[in-house]
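# Structural description and commentary
So the chains spell out like this:
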Amino acid sequence: MRFEFHDPRVDPAPAGWADFFRTARLHPVWDYELLGLEAWGARNPQRIAVATDGGEVVAGLSVLVCYPRVAPRFAPAPGRRSLRPFWAEVFLPWLSGYPGIVFAPGFPAGDRAALLREFERALRRHLGAGLLGVLYRAIDEEFAGHTAGRGRLVRLAQPTAVLENRFESEEDWLKTLPGARRSSLRRRRRRIAEDPELVVRGGPGRDDVDGAEVAALVKAHRERYGKLPLDTRTVPSAGFLHRFVRRPDVHTLTYADPSGRLLAVNTLLDHPDSPCMQHWAALPLDERGRGSGLYFDSYVRAVRFMTQRGAKELSAGRGMNELKEELGFLPRKLYAAAAPRPVLGR
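Below is a short write-up of the structure. Residues take numbers from 1 onward in each chain, read along the sequence in its written order. Only residues with pLDDT of 70 or above have their local features reported here, since the model is predicted, and side-chain atom pairs are shown and tallied only from 80 upward, although totals for entire chains, interfaces and linings are computed over all residues. Values shown for side chains rest on all heavy atoms present in the structure; no hydrogens or waters enter the calculation.

It is at 10 Å that the axes of helix α6 (residues 179-194) and helix α10 (residues 294-309) come closest, and there the two elements cross at 95°. The angle between the axes of α6 and α10 places the two elements in the roughly perpendicular class. Along its contact with α6, which presents Arg-181, Leu-185, Arg-188, Arg-189 and Ile-192, the element α10 presents Leu-294, Phe-296, Asp-297, Val-300, Arg-301 and Arg-304. The residue makeup of the contact of α6 with α10, split by class, is 5 nonpolar, no polar and 6 charged. Every angle, taken between N-to-C directions, lies between 0 and 180 degrees, and every axis is a line fitted to C-alpha atoms, over only the stretch in contact when it is a helix. A run of H or I in DSSP counts as a helix once it spans at least four residues, and a run of E counts as a strand once it spans at least two, with each numbered from the N terminus. For classification purposes, angles smaller than 35 degrees are called roughly parallel, those larger than 145 roughly antiparallel, those between 65 and 115 roughly perpendicular, and all remaining angles oblique. We call two residues contacting when some pair of their heavy atoms lies within 4.5 Å. Three categories are distinguished: nonpolar for Ala, Val, Leu, Ile, Met, Phe, Trp, Tyr, Cys and Pro, charged for Asp, Glu, Lys and Arg, and polar for the others, with Gly belonging to the last.

Structure follows, in structure tokens:
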């Protein structure tokens, strides 16, 4: 087993990464070019760690190099090391509810704990003396077991919301909801479809969407509702979103007024097994005019996509779990695990 570390801002893609991306059925945000765009705009840029065996990629990890909030706003340039202490997070920005580690199909579950320990030893050598430890985010129960050990901490984290696909259509899904919620969703769906002052467009590879406008809307939305606790992500950049929404495996739903002003946006990551509702952002209700109920409408459209796609489930990320449960989504347990420097690799 051998580990290599790549800075997607400046390093070429790891050998075999494109094949690994395809065979491991990764979500679009694992695309190496996108990872580079994300890293250039991030205060805590990520590295990609690749485990190879016999020259083939068997695992990939997204590793954020994180600095304290008292540190300067921008990260060190590629190739430079900061003298300030820092920690690493195995975490993939903008893929809520999923871990920052992926394995090749058929990689034995019994070998994963050993792979993690080898990764920690390699990371310690790669990042040097300033590394305080490693935090694993959004991991499942099995993976939490691999990270456990003496001197390590494993805790339950905020769960993610998942809707299992047991439906032939969105109507089948609506029939399973409480009567009041079902009637409300149908009423909103009809009103939005008939509203002449609302322009709704959706689909993959949107070349009519302005990445800068989406970035501004996402930034304002996050500032209005407050940053999530211990969130080390940076708001996605206009450059990242410009390229992102033009991908054929990213579906972008937009709500606008007749003048073209963007009222709300939702991105959905296509995937054969688990499509993922991703960015949601909207203007405040008093600025949207008649554009109310758009958040719920995006769920109706996402469920429609899941049933038409024939996917196993629809992921809606973390937060607002009570509301999502009203829509039939169930919480899936997630954990966080911390390994301080003295126990890395042990």
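From this point on, the discussion continues.
Counting buried residues along strand β6 (residues 131-139), 7 of its 9 residues qualify, which places the element largely inside the surrounding structure. Two strands are said to pair when DSSP picks up at least two bridges between them. Note that strand β4 (residues 86-90) and β6 share 4 bridges and pair parallel. Of the residues in β6, the one forming a bridge with Phe-86 is Leu-131. In the sheet, β6 pairs with strand β13 (residues 330-340) via 5 bridges, with the strands oriented antiparallel. Residue pairing across strands places Gly-133 opposite Pro-340, the latter belonging to β13. In this scheme, a residue with accessible area under 20% of its type's maximum is buried, one over 50% is exposed, and one in between is partly exposed, where area comes from a 1.4 Å probe on protein chains only.

Before going further, it helps to spend a moment on empty space enclosed by the protein. It is a probe the size of a water molecule, rolled over the atoms, that shows where empty space is left. A cavity here means a set of points on a 1 Å grid, drawn over the protein atoms and nothing else, where a 1.4 Å probe fits but cannot get out; a pocket is an open set with protein on both sides within 12 Å along at least five of seven lines, and a residue lines either one if it has an atom within 4 Å of a point. Grid points are joined across faces, edges and corners, and a volume is the space filled by probe spheres set on the points. For the structure shown, the criterion picks out 2 cavities of 30 Å³ or more. Its volume calculated, the largest cavity comes out at about 60 Å³. As for the largest cavity, its lining consists of Val-29, Leu-34, Leu-35, Glu-38, Gln-46, Leu-92, Pro-93, Trp-94 and Phe-240. Looking at which element gives the most residues to the lining of the largest cavity, the answer is helix α2 (residues 32-40), with 3 residues. Volume-wise, the second largest cavity comes out at about 40 Å³. Glu-38, Ala-39, Ala-42, Asn-44, Pro-45, Gln-46, Leu-64, Pro-93, Thr-232, Arg-233 and Thr-234 together form the lining of the second largest cavity. Across the lining of the second largest cavity, the residue classes break down as 5 nonpolar, 4 polar and 2 charged.

Each pair of aromatic rings taken from Phe, Tyr and Trp, with Trp reduced to its six-membered ring, is defined by centres within 6.5 Å and is described as stacked if the planes are under 30 degrees apart, edge-to-face if over 60, and tilted in the remaining cases. As enumerated under the stated definition, the model contains 13 aromatic pairs in all. Ring centres of Tyr-136 and Phe-143 lie 6.1 Å apart, and the angle between their planes is 65°; on these two criteria the pair is classed as edge-to-face. The class for Phe-143 is buried, based on a relative accessible area of 7%. Measuring from ring centre to ring centre gives 6.4 Å for Tyr-255 and Trp-280, while their planes differ by 70°; the resulting arrangement is edge-to-face. With Tyr-255 in strand β9 (residues 250-256) and Trp-280 in strand β11 (residues 276-282), this pair connects stretches of sequence that are 25 residues apart. Accessibility classification places Tyr-255 together with Trp-280 in one group, the buried group. What links up through ring pairs into an aromatic cluster is the set Tyr-255, Trp-280, Tyr-295, Phe-296, Tyr-299 and Phe-329. Only when the NZ atom of a Lys or the CZ atom of an Arg is both within 6 Å of the ring centre and within 35 degrees of the ring normal do we say a charge sits over the ring. For Arg-137, the ring lying beneath its charged end belongs to Phe-91, and the centroid distance is 5.4 Å.

By definition, a salt bridge exists where a carboxyl oxygen of Asp or Glu is found within 4 Å of a side-chain nitrogen of Lys or Arg. Under the criterion given, the structure shown has 23 salt bridges. With a shortest N-O distance of 3.1 Å, Arg-25 and Asp-273 are connected by a salt bridge. One end of the pair, Arg-25, is in the loop between α1 (17-23) and α2; the other, Asp-273, is in the loop between β10 (262-269) and β11, and 248 residues separate them in sequence. What makes Asp-273 partly exposed here is its relative accessible area of 21%.

All quantities given are derived from atomic positions and should not be read as evidence of function.
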